[in-house]
Amino acid sequence: MNKFIFKIACFFAIIIAIDLISGIVFPYLVANAKGGDNGRNNYIDLKTNEDILIFGSSRAIHHYHPSIISDSTGMTCYNCGQNGNGVILNYGRLLMIEKRYKPKMIIYDIQNTFDLTAGEDNHKYLGWLKAYYDQEDVEDVFLSVDSVERYKMMSHMYRYNSKCVQIVSDYIHPLQSLGIKGFRPLEGKMDNMKINKKANNEIVSPEWDKLKINYIKRFIELSKDSKLVFVISPIWYGMDESQYAIIKTICRENKIPFYDFANSPKYVHHNEYFKDGSHMNCIGAEEFTKDLMEQMRKDKLI
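Before going into details, it helps to say that this report is about the structure given with it. (Residues numbered from 1 in each chain as written. Predicted model: local features only at pLDDT ≥ 70, side-chain atom pairs only at ≥ 80, totals over all residues. Heavy atoms only, no water.)

## Observations concerning the overall build of the protein chain
A count of helices and strands for the protein chain gives 14 helices and five strands. What you see for the protein chain is a C-alpha radius of gyration of 21 Å, in line with the 19 Å of a compact globule of 302 residues. Seen through its principal axes, the protein chain has C-alpha atoms that stretch 75 × 45 × 40 Å. Taken over 302 residues, the protein chain has a buried fraction of 50%. In the protein chain, the share of contacts with a sequence separation of at least 24, taken over all contacts with a separation of at least 6, comes to 80%. Counting only carbon and sulfur atoms, one obtains 56% of the accessible surface of the protein chain, whose full area is about 14,800 Å². Averaged over its 38 positive side-chain charges, the protein chain has a centre that lies 3 Å from the centre of its 37 negative ones. (Helix = DSSP H or I, 4+ residues; strand = E, 2+ residues; numbered from the N terminus. Rg over C-alpha atoms; globule rule 2.2 N^0.38 Å. Buried < 20%, exposed > 50% of the residue type's maximum accessible area, 1.4 Å probe, protein only. Contact = heavy atoms within 4.5 Å. Areas by Shrake-Rupley, 256 points an atom, 1.4 Å probe, with all protein chains shown as cover. Lys, Arg positive; Asp, Glu negative; His and termini not counted. Charge placed at Lys NZ, Arg CZ, Asp CG, Glu CD.)

## Comments concerning the sheet that holds strand E1 (residues 52-55)
For sheets, the rule is that strands pair by backbone hydrogen bonds, running either parallel or antiparallel. Ordered in space as E2-E1-E3-E4-E5, the five strands form an open sheet in which the pairing is parallel. The two strands at the open ends of the sheet, each matched to only one other strand, are strand E2 (77-79) and strand E5 (258-260). Neighbour-to-neighbour, the strand axes of this sheet turn through a mean angle of 15°, independent of strand direction. In this sheet, E5 lies alongside strand E4 (residues 227-232) in parallel orientation, the contact comprising three bridges. In the sheet register, Phe230 faces E5, and the bridge partner there is Phe258. Against the sheet, helix H5 (residues 87-100) touches E1 and strand E3 (105-109), its axis set at about 155° to E1. In this fold helix H13 (residues 245-254) packs onto E4 and E5, with an angle of close to 150° to the strand it touches most, E5. (Pairing = 2+ DSSP bridges. Axes fitted to C-alpha atoms, helices over the stretch in contact; angles between N-to-C directions.)

## Remarks on the nonpolar core
Counting 78 residues, the largest nonpolar core has Ile107 and Leu292 as its most contacted members. Ranked by residue count, the leading element in this core is H5, at eight residues. Residues in contact with Leu292, not counting those within four places in the same chain, are Tyr64, Ile107, Val231, Tyr259 and Phe261. (Core = buried A, V, L, I, M, F, W, Y, C linked by side-chain atoms within 4.5 Å.)

## Quick notes on the packing of H5 against helix H7 (residues 138-145)
H7 packs onto H5 with a crossing angle of 160° between their chain directions and a minimal axis gap of 9 Å. Comparing the axis directions of H5 and H7 gives the class roughly antiparallel. The interaxial crossing formed by H5 with H7 has right-handed handedness. Seen from H5, the contacting residues are Ile88, Tyr91, Gly92, Leu95 and Met96; seen from H7, they are Val138, Val141 and Val145. Per-class residue counts for the contact of H5 with H7 are seven nonpolar, one polar and no charged. (Parallel < 35°, antiparallel > 145°, perpendicular 65-115°, else oblique. Left-handed = near helix turned anticlockwise from the far one by under 90°. Nonpolar A, V, L, I, M, F, W, Y, C, P; charged D, E, K, R; others polar.)

## Digging into the packing of aromatic side chains
Following the criterion strictly, the structure yields 13 aromatic pairs and no others. Relative to Tyr125, the ring of Phe114 lies with its centre 6.3 Å away and its plane at 75°, an arrangement referred to as edge-to-face. Taken together, the positions of Phe114 in helix H6 (residues 112-115) and Tyr125 in the loop between H6 and H7 put the pair 11 residues apart, joining distant regions of the chain. Grouped by ring-pair contacts, the aromatic residues Phe55, Tyr108, Phe219 and Phe230 constitute a single cluster. Just above the ring of Tyr171 sits the side chain of Lys34; from NZ or CZ to the centre is 4.0 Å. Taking the ring centre of Tyr158 as reference, the NZ or CZ of Lys130 above it sits at 4.1 Å. (Phe/Tyr/Trp six-rings, centres within 6.5 Å; stacked < 30°, edge-to-face > 60°. Lys NZ or Arg CZ within 6 Å of the ring centre and 35° of its normal.)

## Brief notes about unusual backbone geometry
Of note in the backbone geometry, Lys255 takes a positive phi value of approximately 55° without being a glycine. For Lys255, the position within the fold is in the loop between H13 and E5. Classification of Lys255 by relative accessible area gives exposed; the value is 76%.

Structural measurements only, silent on function.
Dropping the structure here:
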């Protein structure tokens, strides 16, 4: 029995030791990442100083060219978009940014799945915030999703286990660069075979996610010292307007400019501008960014 208890004690001692070491090693690797998503994430959260910031999902990271925005406005710009993420992550990022400085303008690319509607597990949006859990007020974002996160985050292994390989890679030899001021253009054009197989005619009445909608409103309040603009960038298939009804209402109530390019005849069903049904290629991104800047110029926002 004594041997069994000793083995159990040794096992937990090893686990605790590994956890403590993880709490020293991984924060260092993240803070000193040379590139990749960890290097980019670290820059966004702790180092950005640009006048204009782009927020949103993969449609943000692939659709907005900072160099074109800078040329059009005379201001610096950085693309803070993140694949597969929405307002919960973006609010957490803006929390950290706002502790350092106030951007002059924020352009937010809305994606209904990640920013507005129910059906997704909101825990997934905490992934890129875990390394910054100890930053001021970031803990509150975790607790709003799940109060149990308070206890999970006591473990350093939990904070980094899903990204440990990527963290090491981004520190030693990043497989991706930071991008062009955060922008990562896509190459290639739509595959007609995939287009023909895609069924996109069914319109489903959206179920709004109360937590996401709450964070949209908190994001607006947090960015009150910046000029905030919401945008739906082009979609090859187009988009039924009911899917974005709530953000249009919120923008109208708060007198926030809202630009809907989802059904623009210039882009809908034009293969040359898209990599796939949801994401524009580099040609489309450049053309769309120019169009957005032209429209904002006409409206005297820039």
